[in-house]
Amino acid sequence: MSVSLERITDFLSTVPLFRELERSAVRGFAEVTREQRFAKGALIVSEGDAGDALYVVRSGEVKVVLVGDDGREVILQVLGVGDHFGELALIDGRPRSAHVVATHASSLLVLRRPEFRRQVEQNPKVAWELMVELSRRLRQADGTIGSLVLLDVPGRVAKVLLEHATPGEPASLVKQLTHQTIAQMIGASRETVSRAMSEFQDQGMIMVQRRVVTIVNRGALESRARPRA
């Protein structure tokens, strides 16, 4: 096995979608992947494109966005190393439902639908993991809809911070989310998000040093992320 193929196999073994498989099975997926690199700001897929592949982020970061007629962006997800997108296309083959843009210089592994399906037929564990991931994202979407309806802006900000934080306390964000990114995720202005972040700092819920956000009072932040009477 080539060094490159071995490295891709090693990497895919860490991705939740594949990590329950035997190494030989993971190698089968690695053999049918191809790597693509994108500069920061590059458009990876467009809404309406043919849904013909699964993408796995090997390095960098991407955002999944919807763009309104007025050019306003709504960020649905921010995906980092080991995350993937395009799952729905693997199931129904329908066009892409959103744009995906590289927020950093990124390397993606691409698995085309026909090759992926052939491998899944030999390794049905992947189909199960795919269902688990889709269920998780559906629950996340339900939570997002609920927060937009039931929470004020600070509550929505608190919810985003908690969703992207490591377990325990103190906890750091697994991704560095700018105030503008958070604003686009929750349908608010950057200024309103900045005020909420300042409020959380003043109340001792979070600490921000060199743009790194640390949650120091998870209980208080969780309370702020719940609907108020």
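Residues numbered from 1 in each chain as written. Predicted model: local features only at pLDDT ≥ 70, side-chain atom pairs only at ≥ 80, totals over all residues. Heavy atoms only, no water.

By the naming in an unreviewed UniProt entry, the protein chain is Crp family transcriptional regulator, taken from Gemmatimonas aurantiaca.

Okay, the overall build of the protein chain next. Assigned secondary structure in the protein chain consists of nine helices and eleven strands. The C-alpha atoms of the protein chain give 19 Å as radius of gyration, which agrees with the globular expectation for 229 residues (17 Å, within 12%). Taken along the three principal axes of its C-alpha coordinates, the protein chain extends 55 × 40 × 35 Å. Out of the 229 residues in the protein chain, the part that is buried amounts to 45%. Contacts spanning at least 24 positions in sequence make up 68% of the contacts within the protein chain whose residues lie at least 6 apart. Surface accessibility of the protein chain: about 12400 Å² in total, with carbon and sulfur atoms responsible for 51%. Looking at the protein chain, you have 31 positive and 28 negative side-chain charges, and the mean spots of the two groups are 2 Å apart. (Helix = DSSP H or I, 4+ residues; strand = E, 2+ residues; numbered from the N terminus. Rg over C-alpha atoms; globule rule 2.2 N^0.38 Å. Buried < 20%, exposed > 50% of the residue type's maximum accessible area, 1.4 Å probe, protein only. Contact = heavy atoms within 4.5 Å. Areas by Shrake-Rupley, 256 points an atom, 1.4 Å probe, with all protein chains shown as cover. Lys, Arg positive; Asp, Glu negative; His and termini not counted. Charge placed at Lys NZ, Arg CZ, Asp CG, Glu CD.)

So, on to the nonpolar core. Nonpolar side chains in soluble globular proteins generally cluster together in the buried interior. Val157, Leu161, Ile182, Ile186, Phe200, Ile206 and Leu221 are the most contacted members of the largest nonpolar core, which has 28 residues in total. Going through the elements one at a time, β5 (73-79), α6 (153-163), α7 (179-186), α8 (190-202) and β11 (212-215) are the ones with two or more residues in this core. For this core, the leading source of residues is α6, giving six residues. Here this core gathers at least three residues from each of two domains, domain 1 (1-148) and domain 2 (151-225). (Core = buried A, V, L, I, M, F, W, Y, C linked by side-chain atoms within 4.5 Å. Domains from an automatic or database assignment.)

Below, the discussion takes up the layout of surface pockets. In this model, the second largest pocket occupies a volume close to 630 Å³. At the level of secondary structure, the elements contributing two or more residues to the lining of the second largest pocket comprise β5, α7, α8 and β11. The leading source of residues in the lining of the second largest pocket is α7, at three residues. Taken together, the residues that form the lining of the second largest pocket break down as nine nonpolar, nine polar and five charged. Three or more residues apiece are contributed to the lining of the second largest pocket by two domains, here domain 1 (1-148) and domain 2 (151-225). (1 Å grid on protein atoms, 1.4 Å probe; cavity = no way out; pocket = protein on both sides within 12 Å on 5 of 7 lines; lining within 4 Å. Points joined across faces, edges and corners; volume = space filled by probe spheres on them. Nonpolar A, V, L, I, M, F, W, Y, C, P; charged D, E, K, R; others polar.)

Spatial ordering of the open sheet is given by β2-β7-β4-β5, a layout of four strands whose pairing is antiparallel. This sheet does not close on itself; its edge strands, each paired only once, are β2 (43-45) and β5. Going across the sheet, the axis of each strand differs from the next one's by a mean of 35°, ignoring polarity. Summarising the sheet, strand β4 (residues 62-67) and β5 pair through six bridges and their orientation is antiparallel. Counterpart to Val67 in the pairing with β5 is Glu73. (Pairing = 2+ DSSP bridges. Axes fitted to C-alpha atoms, helices over the stretch in contact; angles between N-to-C directions.)

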